[in-house]
Amino acid sequence: MTHQDGANDLVARFAERYGFREDELLNTLAQTAFRQSNGSVPTREQLLSLLSVADKYNLDPFVRQIYALSDRRGGVLPVISVDGWIAVMNSYPDSDGIEFHYPDELVTLDDDMKPCHPWADCVVYRKDRSHPVKVREYLDELYRPAPIKNGKKFPGPWQTCPKRMLRHKAQAQGIRLAYGLSGLFEPDEAERILETQLGEPEVPSLQVQAVADGPALVTPDKTATTQPKEKAAIPDSGEFKTPDTTEAPQAGVIEVDSVEVPEPSDIDPQILSFIEQVVGRARETGAYTAAQGFAEERFKEDANALNYCLFKLDQAQAASHSPVCTAA
């Protein structure tokens, strides 16, 4: 069987499972389950890779058991939701249950979070093993402080439901170790990976081509020169301006709190260029929380650059209608 035959069989199996014609399945997935927050769609090769993972573990992309985040190196990360990890475990006939154990002690790592156990154990049982697999995850190694935007804190899931987040992390690691899984990522883990790539040069991977019945699946044109991404919510003149509070906000645009934001002319051109890369990466992946945390660390000694970067991230997020943070 050739590689092309294998790909066709894979698409045929999914089309039959969900009641689609083969010629519409990939575009339906690209425009729904695997569509990126900036409207980009995966290439055919990337879709087949994601479908291969979904097929291997019997994951349903239409109920968000598996979805994708594009990375800066031209690939996509197969992200497995909480329900998806349970589905992966249950796909093994030798699966024999899962348990969680916590200490009685509760701690807080800052003033923003609710009390949480300092660690959680995930115990995974297999019928073909005499001893269960136990994984312990520690809160202080996983906790993410509330992101700060324009001087204001915005509590996320690690502040509002830290016990659940800790359990989710332990669950994913326990199942991964018990069944020798690799190449699968849970949501918080995927966002951290994207955060580490914010300073890397971008490799084009996802494109949108307008056609009559929606975006078509296209592969990158390696001979074409990459064009700068369109800036969101920036005046035609290209000059940075603070929001005009005398005008009514446009429909669907989130207003940013009025704070003193430096003019671009007050910031080193190299730093400005780096900020544009950070904002562009966040716009492409939807990982705004990770970008804000990265900016706070990178510009912790440069208030002008930090305020400007956070303001630009606010603008990009408002334009894309992406949520500030989501629970795993």
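Residues numbered from 1 in each chain as written. Predicted model: local features only at pLDDT ≥ 70, side-chain atom pairs only at ≥ 80, totals over all residues. Heavy atoms only, no water.

Identification of the protein as Recombinase RecT from Endozoicomonas gorgoniicola is taken from an unreviewed UniProt entry.

Time to look at the pattern of salt bridges. On inspection of all chains with the given rule, the structure shows 8 salt bridges. Where Asp55 meets Arg17, a salt bridge forms, and the shortest distance between an N and an O atom there is 3.4 Å. Of this pair, Asp55 sits in helix α3 (residues 44-56) while Arg17 sits in helix α1 (residues 3-18); the two residues are 38 residues apart in sequence, bridging distant segments of the chain. One salt bridge in this structure joins Arg136 and Asp121, with 2.7 Å as the shortest N-O distance. Here the residue Arg136 occupies a position in strand β5 (residues 133-138), and Asp121 occupies one in strand β4 (residues 119-126), the gap between them amounting to 15 residues. Asp121 gets classed as buried once you look at its relative accessible area, which sits at 4%. When salt bridges with common partners are traced through the structure, they connect Arg13, Arg17 and Asp55 into a single cluster. (Salt bridge = Lys/Arg side-chain N within 4 Å of Asp/Glu carboxyl O. Helix = DSSP H or I, 4+ residues; strand = E, 2+ residues; numbered from the N terminus. Buried < 20%, exposed > 50% of the residue type's maximum accessible area, 1.4 Å probe, protein only.)

Let us now look at the sheet that holds β5. Ordered in space as β3-β4-β5, the 3 strands form an open sheet in which the pairing is antiparallel. The open sheet is flanked by β3 (95-101) and β5, the only strands paired with a single partner. Taken over all neighbouring pairs, the strand axes of this sheet differ in orientation by 15° on average, direction set aside. Bridge count for β4 against β5 is 6 bridges, and the pairing is antiparallel. Along β5, the bridge assignment pairs Val123 with Lys134. The sheet contacts of helix α7 (residues 162-178) involve β3, β4 and β5, and relative to β5 the element is tilted by about 145°. (Pairing = 2+ DSSP bridges. Axes fitted to C-alpha atoms, helices over the stretch in contact; angles between N-to-C directions. Contact = heavy atoms within 4.5 Å.)

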